[in-house]
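# Descriptive structure summary
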Amino acid sequence: MSSTIYCNTFSLPTIAETQAFTDILAKDKLTTVVRVKEHFAVNHGQHLPLIEAENLQFLADHTIPVPKACSAFTDPKTDLRYLVMEYIPGQTLKKLLPSLELTKKTKICNLLKDAFAKLREMPSQG
C-alpha cells in the first residue's frame, strides 16, 4: 500500500480515516493537509509530488527541523496521492506572528535566518 520512509509505533491512518477527518490544517488549489488521529498530518491531492517525503527526510538528515515523513503512496483506485507525516502541535506562524512582541518576532526571524542559511549550505542533489 505504501512506501514507508519513517514510521514509529503508531498505526498509520487509512485512506478512509484521512477522508473522514475535517480538521483542515492547510488547503490550496492542488492539495489539502488534514490532521488525522492524534499523531498525523496527511497531505493529499492528485498533484502532490511524492518526492516530498524524500525531501523531508533529506532535510531532517541535515538537521533542518521538519515533520517526519511516515509514508507516501498513490491510491490506485482514485489516483490521489498521500503523504503521511508526524503532526507537530502548535499554531502556525501566520496566526501567531501578529500577536507577538517585537523581541519574540526578532527571535523567530533569527531562527528562520539560520534555517535558510543551513539550506543554502546543503549540497545540491542535482
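Every value quoted in this text rests on a predicted model; they were computed, and no experiment measured them. (Residues numbered from 1 in each chain as written. Predicted model: local features only at pLDDT ≥ 70, side-chain atom pairs only at ≥ 80, totals over all residues. Heavy atoms only, no water.)

### So, the nonpolar core
Heads up, the rule is: Among buried residues, those of type Ala, Val, Leu, Ile, Met, Phe, Trp, Tyr and Cys that are joined through side-chain atoms within 4.5 Å constitute a nonpolar core. Working definition: with a 1.4 Å probe on protein chains only, accessible area under 20% of the residue-type maximum means buried, over 50% means exposed, and in between means partly exposed. Where helices and strands are cited, they refer to DSSP runs of H or I of at least four residues and of E of at least two residues respectively, numbered from the N terminus. In this description, contact between two residues means that some pair of their heavy atoms is separated by no more than 4.5 Å.
Among the nonpolar cores identified, the biggest contains 14 residues, and Leu56 and Leu83 are the most heavily contacted of them. No other element matches helix α2 (residues 51-61), which puts 3 residues into this core. Discounting chain neighbours no more than four positions away, the residues touching leucine 83 are Ala41, Val42, Asn43, Leu48, Glu52, Ala53, Leu56, Ala69, Ser71 and Ala72. Val36, Val42, Leu80 and Tyr82 belong to the second-largest nonpolar core, a separate cluster that totals 10 residues.

### Focus on α2
What counts is decided by this rule: What the arc describes is the spread of directions from the helix axis to the C-beta atoms.
All buried positions along α2 are accounted for by Ala53, Leu56 and Leu59. The arc that holds every buried residue of α2, seen down its axis, measures 125°, which confines them to one face. Among the exposed residues of α2, those oriented more than 90 degrees off its buried face are Glu54 and Asp61. For α2, the elements touching its buried residues are β5 (69-74), β6 (81-86) and α4 (102-121). Among the residues trailing α2, threonine 63 stands out with phi positive, at a value near 60°.

### Considering a nonpolar patch on the surface
Stated precisely, the cut-off is as follows: The residues that make up patches have over 30% relative accessible area and no salt bridge, and they are joined within 9 Å when like-charged or within 5 Å when they are Val, Leu, Ile, Met, Phe, Trp or Tyr. Calculation of accessible area relied on Shrake-Rupley with a 1.4 Å probe; when residues are assessed, cover is drawn exclusively from the protein chains displayed. Salt bridge, as used here, is a side-chain nitrogen of Lys or Arg placed within 4 Å of a carboxyl oxygen of Asp or Glu.
Side chains of Leu93, Leu97, Leu112, Phe116 and Leu119 sit close together on the surface and give an oily, nonpolar patch of about 390 Å² of accessible area. Examining the composition of the nonpolar patch, we find that 3 residues originate from one element, α4, more than from any other. Note that leucine 119 resides in helix α4.

### Brief notes about unusual backbone geometry
Phi is positive for lysine 37, close to 55°, though the residue is something other than glycine. Checked against the element boundaries, lysine 37 lands in the loop between β3 (32-36) and β4 (40-45). Phi at threonine 63 is positive, roughly 60°, even though this residue is not glycine.

### Looking at the side chain of histidine 44
Note on placement: histidine 44 falls in strand β4. Exposure remark for histidine 44: the relative accessible area of 15% places this residue in the buried category. The residues contacting histidine 44, other than those within four sequence positions of it, are Thr18, Leu30, Thr31, Thr32, Val34, Arg81 and Tyr82.

### Re the pattern of salt bridges
Under the definition given, this model contains 2 salt bridges. Taking the shortest distance from any N to any O, the salt bridge between glutamate 17 and lysine 37 comes out at 3.6 Å. Of this pair, glutamate 17 sits in helix α1 (residues 15-20) while lysine 37 sits in the loop between β3 and β4, and the two are 20 residues apart along the sequence. Judged by its relative accessible area of 31%, lysine 37 is partly exposed. Between lysine 68 and glutamate 86 there is a salt bridge, and its shortest N-O distance comes to 3.7 Å.

### A short note on the environment of glutamate 54
Tracing the chain through its elements places glutamate 54 in helix α2. For glutamate 54, a relative accessible area of 52% translates into the label exposed. Residues glutamate 54 and serine 71 lie 17 residues apart in sequence; the distance between their C-alpha atoms is 9.9 Å.

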